[in-house]
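# Fold and geometry: a report
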Amino acid sequence: MLLITCPHCGPRAETEFRNGGEAGIVRPRDPAALSDGAWTGYVFTRQNPKGRFHERWCHAQGCGRWFTAVRDTVTDRFLSFHPAGEQPDEAGR
Amino acid sequence: MAERIAGTSHLDLKNRPSTRGAQLRMLERPFKAKVGLRGGEDVIRAVEPVLGFALPRRVGETGSGSGAHAFWIGPDDWIIVYEPGREAQIAQALREACRGLHHAVIDLSERMTTICLEGQPLRDVLAAGCPLDLHPRAFRPGMVLQSHLGKANVILHYVAGNADRPFVDLYTNRSFADYVWKYLENAAREFGYEIVA
Ligand SMILES: [Zn+2]
């Protein structure tokens, strides 16, 4: 079981959380102006990196808040945790 | 007001058998008053004089005074718990204090029920389905934490007592009462439990 550090509650068991996929996906300002290809990209296309990955988590069975975590997909080790509105830097910190 | 029916009423707790050598006491207190409050710093300033005590600001903390407890639920989110019967009055007073502010006051009394647990094996019983650190060093009197028991969301309030005889109130959604009650009975079987009804 992974220990995940909620920015509000501290380290808790993975089972209290829900994964929300890649972080930092920006909704297009004018969806109607997008080509089908661009819309498909927004809705479905995600990175699947081997290594550092910025992803969203929700502390569903705790405080209920969404936050961003940086996780190494090879080792499953978490590198940093950020409350909503705070971005990890390029180094993932 | 419509007749209120406890979440475990169908289990007939009065006639439900306890086990021998019971070390854990369990009962349901279904109708405690629970009022949800959400808002920012302006809301905190507005409601604290009405409550008569400070709202908790960090995870695990509670605020208490004049028969009430406020549980920290999230950074702008609290549940305030009173003895049964005062929910409408409290909700009304909070709403009036928050008039004109961005806030939410919701009477949750019917949505949630309370299962009260008392006795030395309580931590082991909860640990059968709850991943929180329940060690006396980490989970202490006066604290409140949210987590899950099996699949059910729970709020655990360590009301009082010491490591030998802790009292914990478990809050869960009323519709989970059957699941949580049976989960606790099953986990408590090896220690023995007494149902109080
Ligand atoms: Zn949390």
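Everything quoted here is computed from the prediction, not taken from an experiment. (Residues numbered from 1 in each chain as written. Chains lettered and ligands numbered in written order. Predicted model: local features only at pLDDT ≥ 70, side-chain atom pairs only at ≥ 80, totals over all residues.)

## Brief notes about the overall build of chain A
In plain terms, the rule: Strands are runs of DSSP state E lasting at least 2 residues, helices are runs of H or I lasting at least 4, and numbering of each runs from the N terminus. Comment: burial labels come from other C-beta atoms within 10 Å of the residue's own C-beta, placed from the backbone, where a count of 20 or more is buried, 12 or fewer is exposed, and between is partly exposed. Contacts here follow a simple rule: the backbone-placed C-beta atoms of the two residues must lie within 7 Å.
If you tally the helices and strands in chain A, you get one helix and six strands. In chain A, the succession of α and β elements from N to C terminus is β-β-β-α-β-β-β. Split into buried and exposed, the 93 residues of chain A put 18% on the buried side. Considering only contacts within chain A whose residues lie at least 6 apart along the sequence, 49% involve residues at least 24 apart.

## Structural notes on the nonpolar core
Residues and elements named next belong to chain B. Under the convention used in this document: Each nonpolar core consists of buried Ala, Val, Leu, Ile, Met, Phe, Trp, Tyr and Cys residues. Their C-beta atoms, within 7 Å, join them into a set.
Core analysis: the biggest nonpolar cluster contains 59 residues, and V35, F71, W78, I80, L94 and L184 have the highest contact counts within it. In terms of residue count, the dominant contributor to this core is helix α4 (residues 177–188) (seven residues). Leaving out residues up to four positions away in the same chain, V35 has contacts with I80, E87, I90, A91, L94, V105, D107 and L108.

## What to know about the packing of helix α1 (residues 41–51) of chain B against helix α2 (residues 87–97) of chain B
Residues and elements named next belong to chain B. Threshold: An axis is simply a line fitted to the C-alpha atoms; with a helix, the fit covers only the stretch in contact. Between two such axes, the angle follows the N-to-C directions and lies from 0 to 180 degrees. Relative orientations are named as follows: roughly parallel for angles under 35 degrees, roughly antiparallel for angles over 145 degrees, roughly perpendicular for angles from 65 to 115 degrees, and oblique for any other angle. Working rule for handedness: look at the near helix, and if it is turned counterclockwise from the far one by less than a right angle, call the crossing left-handed; if clockwise, right-handed. For this classification, Asp, Glu, Lys and Arg are treated as charged, while Ala, Val, Leu, Ile, Met, Phe, Trp, Tyr, Cys and Pro are nonpolar and the rest, including Gly, are polar.
Interhelical geometry of α1 versus α2 gives an angle of 140° and a closest axis separation of 9 Å. Classified by the angle their axes make, α1 and α2 are oblique. The handedness of the crossing between α1 and α2 is right-handed. Taken together, the residues of α2 that come into contact with α1 (itself represented by A46, V47 and V50) are A93, L94 and A97. Taken together, the residues of the contact of α1 with α2 break down into six nonpolar, no polar and no charged.

## Observations concerning the domain arrangement of chain B
Residues and elements named next belong to chain B. Heads up, the rule is: The split of the chain into domains comes from an automatic or database domain assignment.
Domain annotation of chain B identifies domain 1 (9–30 + 111–195) and domain 2 (33–107). Put simply, the middle of domain 1 and the middle of domain 2, counted by C-alpha atoms, are 25 Å apart. If you list the elements that add at least two residues to the side of domain 1 that touches domain 2, you get β8 (144–149) and β9 (152–160). At three residues, β8 tops the list of elements feeding residues into the side of domain 1 that touches domain 2. Grouping the amino acids of the side of domain 1 that touches domain 2 by side-chain chemistry returns five nonpolar, three polar and no charged.

## Describing the environment of B:I106
Considering the arrangement of structural elements, one finds B:I106 in strand β6 (residues 103–107). In this structure the C-alpha to C-alpha distance between B:I106 and B:R95, which are 11 residues apart in sequence, comes to 9.2 Å.

## A word on the sheet that holds β9(B)
In any sheet, the strands associate via hydrogen bonds between backbone groups, in a parallel or an antiparallel arrangement. All names here are of chain B. Just so we agree on the cut-off: Following DSSP output, two strands are said to pair if at least two bridges run between them.
An order of β8-β9-β10-β7-β1-β11 is seen for the six strands of this open sheet, with the pairing classed as mixed. Each edge of the open sheet carries a strand with a single partner, namely β8 and β11 (193–195). Between one strand axis and the next, the sheet turns through 25° on average, direction left out of account. With six bridges connecting them, β9 and strand β10 (residues 167–173) associate as antiparallel partners. Across the sheet, H157 pairs through a bridge with D169, a residue of β10. Against the sheet, α4 engages β1 (24–29), β7 (112–118), β8, β9, β10 and β11, with an angle of about 15° to β7.

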